[in-house]
Each structure stands twice: as C-alpha cells, then as structure tokens.
Amino acid sequence: MDFQNIIFEFVLIYAGAAIFATAFLYLKQPVILAYIGFGIAIGPWGLGWIEEPEHIEKLSHIGVILLLYLLGINLKPDRLYHLFSKTAVVTLLTSLVFLVVVTSAAFVLGFGFIESIVIGAALMFSSTIISLKLIPTTALHHKHTGEMMTSVLLMQDVIAILLIVMLTGGQGDNVVLTIAILFIKLIVLAVVAYALVRYVVDKLFLRFDIIQEYVFLLALGWGMLGAGVASALGLSYELGAFIAGVTFASSPVSMIVAEHLKPLRDFFLILFFFSIGAQFNLLVTQQVLLAGIVISVLIVVMKPIVFKQGFQLIGEDRKFSLELGARLGQGSEFSLLVSYSALAIGLIDLRASYLIQMVVMVTFVLSTYWVVYRYRTPISSTEKNRMD
C-alpha cells in the first residue's frame, strides 16, 4: 500500500465529504447520501480520482466493528437473552418470507433457479449500519425500539454467518459439524471474555481510571481483541466486538468509555458509506437495471409490511411495529458478503452478483429517505425530526 497516496485519499475523502454534506444539508437531504454520492462522484466509475477503493472499504469496517462494540456495551447479558427469546420467531419467519418472495421475483425476472435462491437468501437481511445509524442514540440504547431492532439485526447477522459457512462448505462437506463447532466457539468466547472482564479488565480500569488516554486505549484494545479472536475462530469481527461489548456492559465505566469511542466510530463509518458509492458501477449494473429497480422497490415496500405483521404477532402495537419495520426496510452489507461467497464457488454469475450489489445500494438510498422524512433521526435536516 502506498502510504503517501492513502494520506492524499483521506484528505480528499474527508474534505470532499464535508463539502458534499454541507450542500446536502442546505438542500435538506440526508448526509449519509452525501457520503455515498461523493464516493460515486470521485470513484473509479466517476471522475476516477480514487482508482482502487477496495482498501478504503476494508479500513471502513473498523467503523462497523466499533458500532457493534458500542451496541454491546449498552446491552447487559440478561436483557439480551430476554430480547432474543422474544424476537427469534419474528426474525426466522420474516427471513423465510423475504427469501421466498425475492427468490420468486428473481426467477420471474429471468434468473436461474439456484441463482434466484442465492439472490433471495442474500437480500433477506436488513442493514445493521443503516438501521442503527438512523435511530436516535437515546432510542437505541435506552428505549424499547432500539432493543427490539438490535435483537433482530444480531440474529440476522448470525443467520448470515451460517449461510456463508454453508456456501463455502466449511470443513470439507460437513456443514452441520462446522456450524455446531462455531456455536461451541461462540459460547466459549463469551464465557472467557466475561471472565477476563470481571477479573482483569475491570480491575485495570478502576486502577488507572484517572488517566484518560489509558482508559480510551484499554477500551479500544478490548473491543478489537474480541473482534480479532472471533475472526480467528471462524466467526465475524463484528460478532466478536459485540460479545466484547456485552461482557463489558456491567463495568462501572462502560458508559463513559462508550462516549469516548463514538467520534472514532463515526470517522470510520464515513469511509464505509463513501466506499459503497465508490464501488458502485452504474455502467455494469445497466445489465440488470430493470430487475434491480423492481426488486429494490419490492424490498422497500414489502419488508416494512412483513416486519409490521411480525412484531404485531408478538404483541407490539401497530404504530411501533410500522416504524420498526420501516427502519429495517433495506438490503444489508451482509448481502454483499453472501454474494461474493456464492460468486467465488460458481453458484451465481457476475450478472446476479451485480443485481445484489445494485439492490443493496438502491434500497440503502430509498430506505434512508423514507426513515429520515418520516421518523426521528440524528441526521435529519429538519429540526422537527432531528434527535440525537
């Protein structure tokens, strides 16, 4: 990697994103779309000022890891168990509905049977990044809305990881054994992390809590350690960071730590949204333009309705269920990982992969507009709907 070049790219990305965001705010548009739009404008398929955005995309996942880490810090283990037990049925049923409907639509639009199943499986997930970025922090960490959304997204993430394991074959062809081993690793990781927090990490925080730099460093190091160990065990970085956060949630300094890490999280999330735009090739996606638009609209309309029915099924009221469904009404960053895995083993061709990428991008944009103009978000351009 050319470090001089990446410094120039950072200067270009953040200065340009600031200008785009300013223009979007004056036009009363969501700032997330400014980052994506700027990525399209200067990426390899736009002006070409950044020719290879893949390394930016890899760096940006630090923001996703920090997002899940901070989310875990605000959820104590007993509360998390209660939420999972309540939303498990909803998550599984809605995922099945999305799989069947999108698979059917892809098949009708001319894709092969296996390709249609992969497209449906990839697009049954909702975006952790978009959903959590557009909900006010107070609602995410202290309200029922945030708790319910978190439990659904985390369960979807687990399903996505299992799907990727099945696509890549795991250890040989014994997928069932691989999945069972992953669950055992997950449990062991959680138990070991809890013990380390209780007997080591907490004591270090309390011993050196007057040194703010050390508090920040230890908190960041603990989250990254959890992410790294999880990845080494065959889980995801994000899941490991979340486990590190949950085990740290009972610490007396957890809330202070969370506040210190938020600016760092946002720094990398700007890169994440930029990289989505920079990797979007409008010329290539013209091959699947009609199918992409049809499936994108289908997802943005269908997901809120299906989620609404699912949440009402477990006793939530209509207004709450509708809002939660709208916030979950898009494709997911995990959709792209499923697409890449399926493409690598030949289950789908480039055309199907382009379709999944296009649908994720379009649903990000459509869903963001819907949520920002109907519900309260931290990035709303209107004072009425702006809430941190």
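Read on for an overview of the structure. (Residues numbered from 1 in each chain as written. Predicted model: local features only at pLDDT ≥ 70, side-chain atom pairs only at ≥ 80, totals over all residues. Heavy atoms only, no water.)

1. Examining the overall build of the chain
- Regarding its fold elements, the chain presents 17 helices and zero strands.
- Sorting the 388 residues of the chain into buried and exposed places 54% on the buried side.
- At a minimum sequence separation of 6, the contacts of the chain that also span at least 24 residues come to 77%.
- A total accessible area of about 17300 Å² is found for the chain, and carbon and sulfur atoms account for 69% of it. (Helix = DSSP H or I, 4+ residues; strand = E, 2+ residues; numbered from the N terminus. Buried < 20%, exposed > 50% of the residue type's maximum accessible area, 1.4 Å probe, protein only. Contact = heavy atoms within 4.5 Å. Areas by Shrake-Rupley, 256 points an atom, 1.4 Å probe, with all protein chains shown as cover.)

2. Considerations on the packing of helix 10 (residues 212–232) against helix 11 (residues 237–248)
- In the contact formed by helix 10 and helix 11, the axes pass within 7 Å of each other and the chain directions differ by 135°. Considering their axes alone, helix 10 and helix 11 lie oblique with respect to each other. Crossing geometry of helix 10 relative to helix 11 is assigned as right-handed. Contacts from Trp222, Gly223, Gly226, Ala227, Gly228, Ala230 and Ser231 of helix 10 reach helix 11 at Tyr237, Gly240, Ala241, Ala244, Thr247 and Phe248.
- Of the residues belonging to the contact of helix 10 with helix 11, the class tally is seven nonpolar, six polar and no charged. (Axes fitted to C-alpha atoms, helices over the stretch in contact; angles between N-to-C directions. Parallel < 35°, antiparallel > 145°, perpendicular 65-115°, else oblique. Left-handed = near helix turned anticlockwise from the far one by under 90°. Nonpolar A, V, L, I, M, F, W, Y, C, P; charged D, E, K, R; others polar.)

3. Observations concerning the pattern of salt bridges
- Counted under the stated rule, the structure contains two salt bridges.
- A salt bridge links aspartate 266 to arginine 265; the nearest nitrogen and oxygen atoms lie 3.1 Å apart.
- Its relative accessible area of 25% is what places aspartate 266 among the partly exposed residues.
- The exposure class of arginine 265 is buried, given its relative accessible area of 14%.
- Between glutamate 323 and arginine 327 there is a salt bridge, with the nearest N and O atoms lying 3.0 Å from each other. Placement of both glutamate 323 and arginine 327 in helix 15 (residues 318–327) is noted, with a separation of four residues, approximately one turn of the helix. (Salt bridge = Lys/Arg side-chain N within 4 Å of Asp/Glu carboxyl O.)

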